[in-house]
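A look at the structure
Residues per chain, in single letters:
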2 protein chains.
Amino acid sequence: MSRKIFLDESDIPSHWYNIVADMPNKPQPPLNPKTGQPAGPDDLSPIFPMGLIQQEVSADRYIEIPDQVRDIYKIWRPSPMYRATGLEKLLDTPAKIYYKYEGVSPSGSHKPNTAVAQVYYNKQEGVKNITTETGAGQWGTALAFACSQFDINCEVYMVRISYDQKPYRKVMMNTFGAEVYPSPSDRTQAGRNILADDPETSGSLGIAISEAIERAVQDDHTKYSLGSVLNHVLLHQTVIGQESIKQLEYAGDYPDVIVAPLGGGSNFAGISFPFLKNNLSDGKKTRFVAVEPASCPKLTQGEFLYDFGDSAGYTPLLPMYTLGHNFKPAAIHAGGLRYHGASVLCSQLLKDELIEAVAIQQLECFEAGVTFAKTEGIIAAPEATHGIAQVIREAEQAKKEGVSKTILLNLCGHGFVDMQAYEDYFAGKLSDHSFSENELKNGLKEILEMQPEA
Amino acid sequence: MSRKIFLDESDIPSHWYNIVADMPNKPQPPLNPKTGQPAGPDDLSPIFPMGLIQQEVSADRYIEIPDQVRDIYKIWRPSPMYRATGLEKLLDTPAKIYYKYEGVSPSGSHKPNTAVAQVYYNKQEGVKNITTETGAGQWGTALAFACSQFDINCEVYMVRISYDQKPYRKVMMNTFGAEVYPSPSDRTQAGRNILADDPETSGSLGIAISEAIERAVQDDHTKYSLGSVLNHVLLHQTVIGQESIKQLEYAGDYPDVIVAPLGGGSNFAGISFPFLKNNLSDGKKTRFVAVEPASCPKLTQGEFLYDFGDSAGYTPLLPMYTLGHNFKPAAIHAGGLRYHGASVLCSQLLKDELIEAVAIQQLECFEAGVTFAKTEGIIAAPEATHGIAQVIREAEQAKKEGVSKTILLNLCGHGFVDMQAYEDYFAGKLSDHSFSENELKNGLKEILEMQPEA
C-alpha cells in the first residue's frame, strides 16, 4: 500500500465550487449596520475589486478558475494526500486515516489558495497596492507571496505583539517582497489615535484591520484583502476538497468523517464543501467535524446572531455563530483559531445540522501534535493540531466500537515557524482554559441588543 | 509541461551506490594518528556499530537497503523533482533548470537519508543510546527523528551559541524526543574542563564532537553518529541521485551539469555519485560542480593533505582537501558549510579532476535565495542558496553563449528555521569575506608538519 497519493498538474480543478448553489437554506444577507438593510456590492466596492464582490454574492454552482491562477497553483498544487500509516499503527485502530497536506505551499498553509486568486482579480482591475492585517503571520505570508507573483505591492499590518514575538514570519513576508508594519502604526489615523492613547499597546487584530481598511479606502489604487470568513475566500479553498475526492478515488476509498480545524472557516470549508455537495445531492452520509479551541468556542457555545466581522465594527453585520466581536479569547498559541465568529456559510450549515462542531483544549492538541510528528514525520502548526486531536478521538472510538471507518483530515499547515508554541508546551507553560456560561453570556449582551428586528 | 516529477514509493532505490567500486584511483586509507598505520575497523568499533564500519571500508558497488529503512524512507521519499519554470522565465535563459528537493523530509533537509540508516544498524547491534553533536541543528534534528522511529534514546550536544540563537531547532529535536544539551556541558570531562577554563564560552563544533564521542566511548550501549564526511554517510545519500536519474528519464532529459553545495560532502555526493558512475562507465560527460562559501574555501584554496576530521584531533587522519582542522571560518550563516575539510571521496574525485569546485560569497547567495523564493515559492536554507547562486551563473552563461543546457540542482533543504539569516541579509548586516593566501598558508603550517612520510 502506498502512503502517498499524488496527482498530476492536469488534476488541479478547473472550477471553484460554490456551496451556496446547493444549500437547502441559503445564507441570510449581510446588513449595512447604519441602515439595517441588506448590504450590496456598493457597500464593499471601496475595499474589494468587483471581480471578488461578484463571487461574494454569487449563487452559481461553479466558477471557472482563471488560467493564470491555475498556473501559479502549479507551483505547489495539487497538494499531496497521505495515508497516516504511522499514526494508525501506533493507535492500533481499525480506522483508515488520510490527511491532505497543505503545508507544501510557499507560505506553509492553505492560505495561498485564496491569496493568489484575490491578487489576480485585483490585478485585473488595475490595483497597485494591497493592504491586509495579519496576526500570527500565516495570512500575511500568503498574500506577500501572491503579490510577488503579480508584481503588486503588499502592505501588511502585523499585530505588534506578533511582530515582536514572531520575527521569522515578518522576515518571510519581507523575503516575498512585502512591507510589514507593526500595528498600531503611525501610517494611519486609526493607528495614530491608538498610539496617542497608549504608546506601549501590543495591538490587536481589530486595530490592524482598521489600519489596513483605512489605507484601502484612502487610495483608488489600493484595495484590502481578507484571508478567511468571506464567501469568496471559502470558495477559493474548495480546490482542496475537489483534489481530495480524486485522491481518495485513486485509493479506492471515501470518507466517513472529515475533520478540520475552524478559525474563520476557510480551511474547513475548503476540504468539506465538495464532499458536502455529495451528501446534499448524491445521498452520501459523510460527517463533517469542525474543531475549535475550547478557549474560543463560538461554534459550541456561541450564538447565531448578526455581528460585526471585525472588532472595530467597520464591516457589514454578518449572520453567524459568534461570541461577540469584542470577545477576548484566552491567550493560546493557535493564533489562527482565535477569531470571535464563524463564516456565514459554515454558521448556516451548522445551524442546519449539516456539519458538527467540537471544542478541544490545547494540551490535548499539543500532545496530539507531538504524537503526529513522531509517527508521521510532520511537525504541524498549532492550528492543525486541533484537527489531529479530533482524528485521534475518532480513531480511538472506532477501535472501541470495533468498526472500521475512513477518516480524512485537512492538515492545513506546518509548524516550523511556530516552534515557540511547542517549546512552551514542553516547558509546562501552557494550560487549558474554559469560559463560564456567565462570562460568555455577558460578552454577548451588547450583540443581542443590536440585532435587526425580525 | 509539468513542473513536478513525482515517483512511486516502489521507485525508492533498493540499493545504495558505492562509488569506491568505480573510482579510477581508490581513496587513500585513513591513518591511526598514533601509529601512522592505516586505521582498521578496530579503530572505529568503540564509537560505531560494525554494520556501519563494514560499509565505511566496503568496495562493493551496491549495498542493499534494509526493508525497514526503506519503509521509513517512505514517510517522505521519493522526494519530488521540480522544473524551475519560474526561475527560467525570470532569467530568460535557454537552459533547462531542474531541482531535486530534499526539504520535504521530517527535519527539512537531506540528513534523514543517512540518519535513518545509521540508527537502523545501531538498533541491530543492541545500541540503546546514540550521541551526536550539532551546530546549526539540521543534523541533530534528523538524528532525533530517526531515533524516534527505532525507539532509541538520542543525546545531542548543540554548540552553545547555536543553542541560544536557534531555539527553534532545539525544540524540533525535543519534539522528536531527543535530549539536547548546550555544549560545553557538565555531563562530560571534556565539557567540564572547558567550562572550568571559561564558564562563558560559546562552544564549538570541535568541543561538541569531543563530548559526544566521550559519552559513546564510556558506555557499551551508547554509540556515536556523524552526519557527513564519512564514506558510509555519503553512501546512504545516493538515494537522491538514483531517484533523480529516474525522474529525469520521465522528463526525457539528462543533466549537462549538476550543482550542489558542499559542506562535508554528503549532499553533493548524494546527487552526484550515481550520475558520475555514468560518466565513468557509460561515457556520459556531465559536469559536477561543488559550491563552497568563499569564507571556508577548502576545495578551491585548501590543500590535499592528511588531517583530522575534528578540531580536537580524536578521529583518524583523513586524506582530504583541508584548511587545517583548527581553521576558523568567517562567521557566516550557512552553518552547514563551515567545515574545514571535504570528505575523502569528494577530495579524491576533485584531485582526479572528475568533479569541479567553485567558491561563492554569501551576499550573492542570499540574493539568489530571495530570487528563488519569489520565482519558485520555496525559501531555501542558507546552505542551499549557494547551489542556487551557481545555477544562476550557469543559466546566465548559457544565455550569453546562446546554448541550451540542462542543469540539475540538489536543493538540500528549506530555510524556515533559518529566517534570522535572511533578516540579517535584509538589514545589511552581512558582508562578504575572503582570506588572504598568507592567512590560509599559516593555518596549514601545523598540518604540513604532521604528514606521514611517503
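Up top is the structure these notes are about.
Worth saying up front: this structure is predicted, and the values here are computed from it rather than measured.

1. Considering the sheet that holds strand β7 (residues 153-159) of chain A
Residue and element names in this part refer to chain A.
- One open sheet holds the 4 strands; their spatial order is β8-β7-β6-β9, and the pairing between them is parallel. Because the sheet does not close on itself, it has two edges, and the strands there are β8 (179-183) and β9 (222-224). Across the sheet, the axes of successive neighbouring strands diverge by a mean angle of 25 degrees, strand direction being ignored.
- One ladder, built from 3 bridges, connects strand β6 (residues 129-134) with β9; its direction is parallel. Bridging across to β9, Ile 130 finds its partner in Lys 223.
- Across the sheet, helix α6 (residues 138-150) touches β6 and β7, and the angle it forms with β6 is around 165 degrees.
- Its contacts with the sheet put helix α10 (residues 205-218) on β6, β7, β8 and β9, and the angle it makes with β6 is roughly 170 degrees.

2. Some details on the relation of the copies chain A and chain B
- For the pair chain A and chain B, the relating rotation is 180 degrees, the translation along its axis is 0.0 Å, and the fit reaches an RMSD of 0.0 Å. Such a turn and shift between the copies fits a two-fold axis.
- In this assembly the copies share their binding face: 100% of the residues contributing to the interface of chain A also contribute to that of chain B.

3. Quick word on the packing of aromatic side chains
- Tallying each qualifying case throughout the model produces 37 aromatic pairs over all chains.
- Note on Trp 76 of chain A and Phe 145 of chain A: the rings are 6.0 Å apart at their centroids and 80 degrees apart in plane angle, and the pair reads as edge-to-face. Residue Trp 76 of chain A is found in the loop between α3 (67-73) and β4 (81-83), and its partner Phe 145 of chain A is found in helix α6; the two are separated by 69 residues along the sequence.
- Summarising the aromatic geometry, the rings of Tyr 82 of chain A and Tyr 99 of chain A are spaced 5.3 Å apart at their centres and angled 25 degrees between planes, so their arrangement reads as stacked. Remark: Tyr 99 of chain A occurs in strand β5 (residues 96-101) and Tyr 82 of chain A occurs in strand β4; sequence separation between them is 17 residues. Taken individually, Tyr 82 of chain A and Tyr 99 of chain A each receive the classification buried, so the pair is uniform in this respect.
- Taken together through their ring pairs, the aromatic side chains of Tyr 73, Trp 76, Phe 145 and Phe 176 of chain A make up a single cluster.
- Cation over ring: Arg 187 of chain A sits above Tyr 181 of chain A, and NZ or CZ is 4.0 Å from the ring centre.
- Just above the ring of Phe 304 of chain B sits the side chain of Lys 351 of chain B; from NZ or CZ to the centre is 4.9 Å.

4. Here we look at the state of the cysteines
Residue and element names in this part refer to chain A.
- For the coordinates displayed, the defined rule picks out 0 disulfides over all chains.
- Here Cys 296 stays unpaired: no disulfide links it, and the sulfur of Cys 365, its closest cysteine neighbor, is 13 Å away.
- For Cys 296, a relative accessible area of 0% puts it in the buried group.

5. As for the environment of Pro 255 of chain A
All names here are of chain A.
- Relative to the assigned elements, Pro 255 resides in the loop between α12 (239-250) and β10 (257-261).
- Sequence separation between Pro 255 and Ile 97 is 158 residues; the distance between their C-alpha atoms is 9.1 Å.
- Apart from residues no more than four positions distant in its own chain, Pro 255 is found in contact with Leu 248, Phe 275, Thr 286, Thr 406 and Leu 408.

6. Comments concerning the environment of Leu 350 of chain B
- You can see Leu 350 of chain B is positioned in helix α15 (residues 344-351).
- Excluding anything up to four places from it in sequence, Leu 350 of chain B contacts Leu 299, Tyr 321, Ile 355, Glu 356 and Ala 357 of chain B.

7. Some remarks on the pairing of β10 of chain A
Residue and element names in this part refer to chain A.
- Taking burial as the measure, the 5 residues of β10 include 5 buried ones, the bulk of the element.
- On β10, burial covers both faces: Val 257, Val 259 and Pro 261 on one face and Ile 258 and Ala 260 on the other are all buried.
- Two strands pair when backbone bridges link them, and β10 and strand β11 (residues 287-293) are joined in this way by 5 bridges, in the parallel orientation. Bridged to Ile 258 within β11 is Phe 288.
- At this point the chain moves from β10, through helix α13 (residues 266-282), to the parallel β11, and the crossover so formed is right-handed.
- Sheet topology places β10 next to strand β15 (residues 406-411); 3 bridges connect them, and they run parallel. Bridged to Ile 258 within β15 is Leu 408.

Procedures and definitions
Residues numbered from 1 in each chain as written. Chains lettered and ligands numbered in written order. Predicted model: local features only at pLDDT ≥ 70, side-chain atom pairs only at ≥ 80, totals over all residues. Heavy atoms only, no water. Pairing = 2+ DSSP bridges. Helix = DSSP H or I, 4+ residues; strand = E, 2+ residues; numbered from the N terminus. Axes fitted to C-alpha atoms, helices over the stretch in contact; angles between N-to-C directions. Contact = heavy atoms within 4.5 Å. Least-squares fit on C-alpha atoms with pLDDT ≥ 70 in both. Phe/Tyr/Trp six-rings, centres within 6.5 Å; stacked < 30°, edge-to-face > 60°. Buried < 20%, exposed > 50% of the residue type's maximum accessible area, 1.4 Å probe, protein only. Lys NZ or Arg CZ within 6 Å of the ring centre and 35° of its normal. Disulfide = S-S within 2.5 Å. Right-handed = clockwise from strand over helix to strand, strands pointing away.

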